[in-house]
Amino acid sequence: MVYDGVDHKGADESLPYAKLARDEYAKSKAMGEKAVLDFNGTNGMQTAAIRPHAIYGPGDVQFLPSLVENAKKGKTKYIIGDGKNVTDWTYVGNVAHGHLLAASKMGDDTIAGGQAYFITDSEPIPFWDFMGVFLEKLGYPKPYLNLPFGLCMT
């Protein structure tokens with residue numbers, strides 16, 4: 001939605017939508033968010049957009065299962081690029097808390113309606129370090145072999 005291929009350290013909700021979507025998923029997310037925010041105030045309804053990033057935690061059906069599947073295949077020993085890319089992950093409980101906070105702020109006397117809110121753990125960590133923590137807890141080695149980003153993209 002707002003990611004345009006450039007790292008954004010310390011970005012806030014004033015960051016504009018990306019001019020070109022990186023993929024169809026990002027494009028559909030931006031379209032959906034705009035529709036929700038545009039609906040704010042219609043028939044007395046207040047809306048907000050919650051923007052969690054990289055969700056993990058109990059009930060996960062994407063991140064952890066695919067990590068385990070790739071670890072079993074021996075694919076998680078690789079670090080793509082220099083390994084310094086930082087991600088601000090979001091525990092699922094923080095996502096739920098963010099939704100509750102936004103809902104509690106809706107009302108005639110607030111400006112919460114019509115706004116977008118980033119939700120993260122506010123603990124940026126190198127992506128591959130985070131992956132390594134999970135892999136080690138699951139009994140697999142941390143990623144340790146660097147592959148050049150350009151080679152992987154080719």
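Anything mentioned here points back to the structure above.
Every chain begins its residue count from 1, and numbering advances along the sequence as written. For a predicted model such as this one, the threshold for reporting local features is a pLDDT of at least 70, and the threshold for listing and counting side-chain atom pairs is 80 or more; totals across whole chains, interfaces and linings nevertheless cover every residue. Only hydrogens and water are set aside; all other atoms, that is, all heavy atoms of the structure, feed into the side-chain values.

Enquirer: Mind showing me how you'd approach the overall build of the protein here?
Expert: A run of H or I in DSSP counts as a helix once it spans at least four residues, and a run of E counts as a strand once it spans at least two, with each numbered from the N terminus. When its secondary structure is counted, the protein shows five helices and eight strands. Across the protein, helices and strands are ordered from the amino to the carboxyl terminus as α-β-β-α-β-β-β-α-β-β-α-β-α. Based on the C-alpha atoms only, the size of the protein along its principal axes is roughly 55 × 35 × 25 Å. Residue exposure (1.4 Å probe, protein chains only): buried if accessible area is under 20% of the type maximum, exposed if over 50%, otherwise partly exposed. Here the protein holds 154 residues, and the buried ones make up 25% of them. Residue contacts are defined here by distance: any two heavy atoms, one from each residue, within 4.5 Å place the two residues in contact. Long-range contacts, defined here as pairs at least 24 residues apart, represent 76% of the contacts in the protein between residues at least 6 apart. Computed with a 1.4 Å probe, the accessible areas rest on the Shrake-Rupley method; for each residue, only the protein chains presented here act as cover. Carbon together with sulfur atoms contributes 58% to the accessible area of the protein, which is approximately 10,600 Å² in total. Residues scored as positive are Lys and Arg, those scored as negative are Asp and Glu, and His as well as the terminal groups of each chain are ignored. Taken as the charge location is NZ of Lys, CZ of Arg, CG of Asp or CD of Glu. Side chains of the protein carry 15 positive and 18 negative charges; the gap between the two charge centres is 8 Å.

Enquirer: Would you mind going over the nonpolar core with me for this structure?
Expert: Generally speaking, soluble globular proteins have nonpolar side chains that are buried together. Remark: nonpolar core denotes a set of buried residues (Ala, Val, Leu, Ile, Met, Phe, Trp, Tyr, Cys) joined through side-chain atoms within 4.5 Å. In terms of nonpolar packing, the biggest core is built from eleven residues, these being Tyr56, Phe63, Leu67, Ala71, Ile79, Trp89, Trp128, Phe130, Met131, Phe134 and Leu135. Among the secondary structure elements, those contributing two or more residues to this core are helix 2 (63-72) and helix 4 (127-137). Per element, the largest residue contribution to this core is five residues, and it comes from helix 4. Sequence-distant contacts of Ala71, defined by excluding residues within four places in its chain, comprise Thr76, Leu135 and Tyr140.

Enquirer: What am I meant to see in helix 3 (residues 92-104) here?
Expert: Counting along an α-helix, one turn takes 3.6 residues, and residues three or four places apart therefore face a common direction. To estimate how far a helix should reach, multiply one less than its number of residues by 1.5 Å. Its 13 residues place the ends of helix 3 19 Å apart at the C-alpha level, agreeing with the 18 Å of an ideal helix rising 1.5 Å per residue. Val95, Gly98 and Ala102 are the residues of helix 3 that are buried. Down the axis of helix 3, the smallest arc covering the buried residues is 60 degrees, so these residues share one side. In this structure, helix 3 carries Leu100, Ala103 and Ser104 as exposed residues pointing more than 90 degrees from its buried face. Arc, as used here, means the arc of the directions from the helix axis to the C-beta atoms.

Enquirer: Mind showing me how you'd approach the side chain of Arg51 here?
Expert: Mapped onto the secondary structure, Arg51 falls in strand 1 (residues 48-52). Those residues in contact with Arg51, other than ones at most four positions away along the chain, are Met1, Val2, Glu13, Tyr17, Glu33, Ala116, Tyr117, Phe118 and Ile119.

Enquirer: What am I meant to see in the packing of helix 2 against helix 4 here?
Expert: Packed helices, taken two at a time, are described by their axes: the angle between them and the distance between them. Where helix 2 contacts helix 4, the two axes come as close as 11 Å, and the packing angle between them is 75 degrees. As the angle between them shows, helix 2 and helix 4 are arranged roughly perpendicular. Of the residues in helix 4, those touching helix 2 at Phe63, Leu64, Leu67 and Ala71 are Phe130, Met131, Phe134 and Leu135. Of the residues that constitute the contact of helix 2 with helix 4, the class distribution is eight nonpolar, no polar and no charged. Orientation is described by lines fitted to C-alpha atoms, with helices fitted over the stretch in contact, and by angles between N-to-C directions that extend from 0 to 180 degrees. Reported orientations rely on four angle classes, namely roughly parallel under 35 degrees, roughly antiparallel over 145, roughly perpendicular from 65 to 115, and oblique for the rest. Note on residue classes: Ala, Val, Leu, Ile, Met, Phe, Trp, Tyr, Cys and Pro are nonpolar, Asp, Glu, Lys and Arg are charged, and everything else, Gly too, is polar.

Enquirer: Hey, could you run me through the environment of Gly44 in this one?
Expert: Inspection of the secondary structure assignment puts Gly44 in the loop between helix 1 (24-39) and strand 1. Distance in space between the C-alpha atoms of Gly44 and Gly107 is 9.5 Å, their sequence separation being 63 residues.

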